[in-house]
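# Tertiary structure, described
Take a look at the letters that make up each chain.
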Amino acid sequence: MSAGAVQADTHGERLFRKLVESSQDAILIKTLDGEITFWNTAAQRLYGYAPEEALGRHIGMLVPPGLKDEEAELLERIGRGERIEHYETQRTTCDGRVLDVDVTLWPIRSDDGAVAGACSVARDITDRKRAEAELAGLIAQQRHIALALHLMGTSEPVPGVPAASRYLPSLLGQGVGGDWLDVIDLGAGRVGVFVGDVMGRGLDAAVVMGQMRSAARALALAGLEPGELMTSLDVFTHTLPEQFVTCVYLEADLGLGEVTACSAGHLPVLLAGPDGTVVPLPVPISVPLGVGGTAHRQVRLPLPAGSTLVLYTDGLVETAASDLDEQLALLSATLGDSFAAGADLETAADRVLEALLPDSTTCADDVTLLLIGFPAGPLDTAETELAAEPRSVPAGRRFVGRHLDRWQLSAQADTALLLASELLTNAVHHARGPLTLRVRRGARELGVEVTDHSAPRPRLRPADPDEECGRGLLLVETLAARWGVRPHPSGKTVWCTLRTE
């Protein structure tokens, strides 16, 4: 080798050594037996050992006791010629502190190509790992609070109306989002059903969800029809930070065998028959709540005996790896097969999740599913039309009495007849006719309602001692299990119920 070549090699080695010594990453070289043969300045700063304290010692001095086998495995992989990128592990300093480090290792080969040792470049990531742990803790705390908000709104079972629900919070990122469902006993043989989805995820979406659910339940219990209720929710949504919400609300009348529905940008509701037929419920779908400027239309549809309504959120059917139409078809097919085989609602719900979400841990969004069934036969109901005249009160009493005898409910007769009298008397005095008197027998209750053609709602008020009227609704409040007022386009319905068991 010429003198010039030797000088060039020497210059190159000096330059390389300067680069290594100026590196901010800890660089060391070790043999395949683990003996340290090179140790740069950054390694001294990171681990606390001077070069003379580290050179010639075994790499095990840096390895925590529980990771000795890991280091042996790394040396074995290097010996096979493998390069190891960004391996996160732990190392111990000279004063006993344990650091989180990111290590990259690659084999060093001799002139004949054999692996003779390993070069290791390590970077301290302790602060990053601590920050990640704190962030994970905050996310977990948010998930816990968001889940608590969901659990606070768990619906109470409605007697005589079987239901199966599933809620799966996403396990990715902030996870819990703004999905909600609600089943509400509206009284007088009516059931309200909600499913909604607030845009976004995390605690903010869950808080908005709780506000939306509370507002929706209050409006439903106030007796608003689905279209009017959705319009009110639209106005309410403009006051919230998350301004886009999809929602569907259905009000089922078990006695009449019909459902009134309104949808604000939500996925189609499915109607499953006991024979396994599954069809979308033909509900007009308007824009999501919060967009504004669009009327939310309601539609009244027949609800066949023994049918099941299926409501869900997009997390069940929208995935990055599948087509929405294909997922909806799979949902319908799974439901059809389940009900055709005689499966109950709980079994059908489980089968839907198994078919559409075989791995729920990879869900990027919350998943909400609600199956709600309706009686296999209509409830006993009877109604008659009466004039808004005083003589209609005894006529209505006789009508109610005849049906109570037929239904063998004589134990409730005295109270039911008194309540019917009070409702009819109030309508005769304060409303326009004709009046419709309806009596309904449920599995656990007896309902009486009077429909008139006047908008003003009756108000419960204390009567002065010298007044001869004004005590009717106080009697209704005292004697009935529940009572309420339900508005409709041409007037209102005042109803009350009595327990029959």
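Quick look at the structure, then. (Residues numbered from 1 in each chain as written. Predicted model: local features only at pLDDT ≥ 70, side-chain atom pairs only at ≥ 80, totals over all residues. Heavy atoms only, no water.)

Before going further, it helps to examine the overall build of the protein. Along the protein, the regular secondary structure elements total 12 helices and 21 strands. Going through the 501 residues of the protein one by one, you find that 48% of them count as buried. Summarising the internal contacts of the protein: among those between residues at least 6 apart in sequence, 62% fall at separations of at least 24. Total accessible area computed for the protein in this model is approximately 24300 Å², and 54% of it derives from carbon and sulfur atoms. (Helix = DSSP H or I, 4+ residues; strand = E, 2+ residues; numbered from the N terminus. Buried < 20%, exposed > 50% of the residue type's maximum accessible area, 1.4 Å probe, protein only. Contact = heavy atoms within 4.5 Å. Areas by Shrake-Rupley, 256 points an atom, 1.4 Å probe, with all protein chains shown as cover.)

Between two packed helices, both the angle of their axes relative to each other and the distance between the axes serve to describe the pair. In the contact formed by helix H8 (residues 324-340) and helix H9 (residues 345-356), the axes pass within 9 Å of each other and the chain directions differ by 145 degrees. With respect to the hand of their crossing, H8 and H9 are arranged in right-handed fashion. Across from Gln327, Leu330, Leu331, Thr334, Leu335, Ser338 and Phe339 in H8, the residues of H9 making contact are Leu345, Ala348, Arg351, Val352, Ala355 and Leu356. For the contact of H8 with H9, the per-class residue count stands at nine nonpolar, three polar and one charged. (Axes fitted to C-alpha atoms, helices over the stretch in contact; angles between N-to-C directions. Left-handed = near helix turned anticlockwise from the far one by under 90°. Nonpolar A, V, L, I, M, F, W, Y, C, P; charged D, E, K, R; others polar.)

Moving on, we get to helix H4 (residues 68-79). Over its 12 residues, H4 runs 17 Å from end to end, which matches the ideal 16 Å to within 8%, given 1.5 Å per residue. Looking at the buried side of H4, the elements it contacts are strand S1 (26-31), strand S3 (84-92), strand S4 (98-109) and strand S5 (115-124). (Expected span 1.5 Å × (residues − 1).)

Now for the pattern of salt bridges. Tallying each qualifying case throughout the model produces 27 salt bridges. Of the charged contacts, one joins arginine 80 and glutamate 82 as a salt bridge, the two residues approaching to 3.8 Å between their closest N and O atoms. A cluster of three or more residues bridged by salt bridges with shared partners is formed by Arg190, Glu251, Asp253, Arg438, Glu449 and Arg486. (Salt bridge = Lys/Arg side-chain N within 4 Å of Asp/Glu carboxyl O.)

Okay, the environment of glycine 255 next. Summarising the element assignment, glycine 255 is placed in the loop between strand S9 (245-253) and strand S10 (258-264). Residue glycine 255 is classed as buried on the basis of its relative accessible area of 11%.

The subject of this paragraph is the packing of aromatic side chains. Applying the stated criterion to the full structure yields three aromatic pairs. The interplanar angle of 40 degrees and the centroid separation of 5.7 Å between the aromatic rings of tryptophan 39 and tyrosine 47 together place this pair among those described as tilted. Note on tyrosine 47: relative accessible area 3%, which makes it buried. Consider the rings of tryptophan 39 and tyrosine 49, whose centres lie 6.5 Å apart with planes at 80 degrees: the pair is edge-to-face. Of the two residues, tryptophan 39 is situated in strand S2 (residues 36-39) and tyrosine 49 in the loop between helix H2 (41-47) and helix H3 (51-54); the sequence distance between them amounts to 10 residues. As far as the burial class goes, tryptophan 39 and tyrosine 49 line up, both buried. By the ring-pair criterion, three or more aromatic residues cluster together here, those being Trp39, Tyr47 and Tyr49. (Phe/Tyr/Trp six-rings, centres within 6.5 Å; stacked < 30°, edge-to-face > 60°.)

By rolling a water-sized probe across the atoms, one finds the places where empty space is left. Applying the stated rule across the entire model yields one cavity of 30 Å³ or more. Roughly 50 Å³ of internal volume is contained in the largest cavity. What lines the largest cavity is simply Leu28, Lys30, Tyr47, Ile59, Leu62, Arg91, Val103, Leu105, Ser120 and Ala122. Among the secondary structure elements, those contributing two or more residues to the lining of the largest cavity are S1, S4 and S5. In the lining of the largest cavity, the residues fall into seven nonpolar, one polar and two charged. (1 Å grid on protein atoms, 1.4 Å probe; cavity = no way out; pocket = protein on both sides within 12 Å on 5 of 7 lines; lining within 4 Å. Points joined across faces, edges and corners; volume = space filled by probe spheres on them.)

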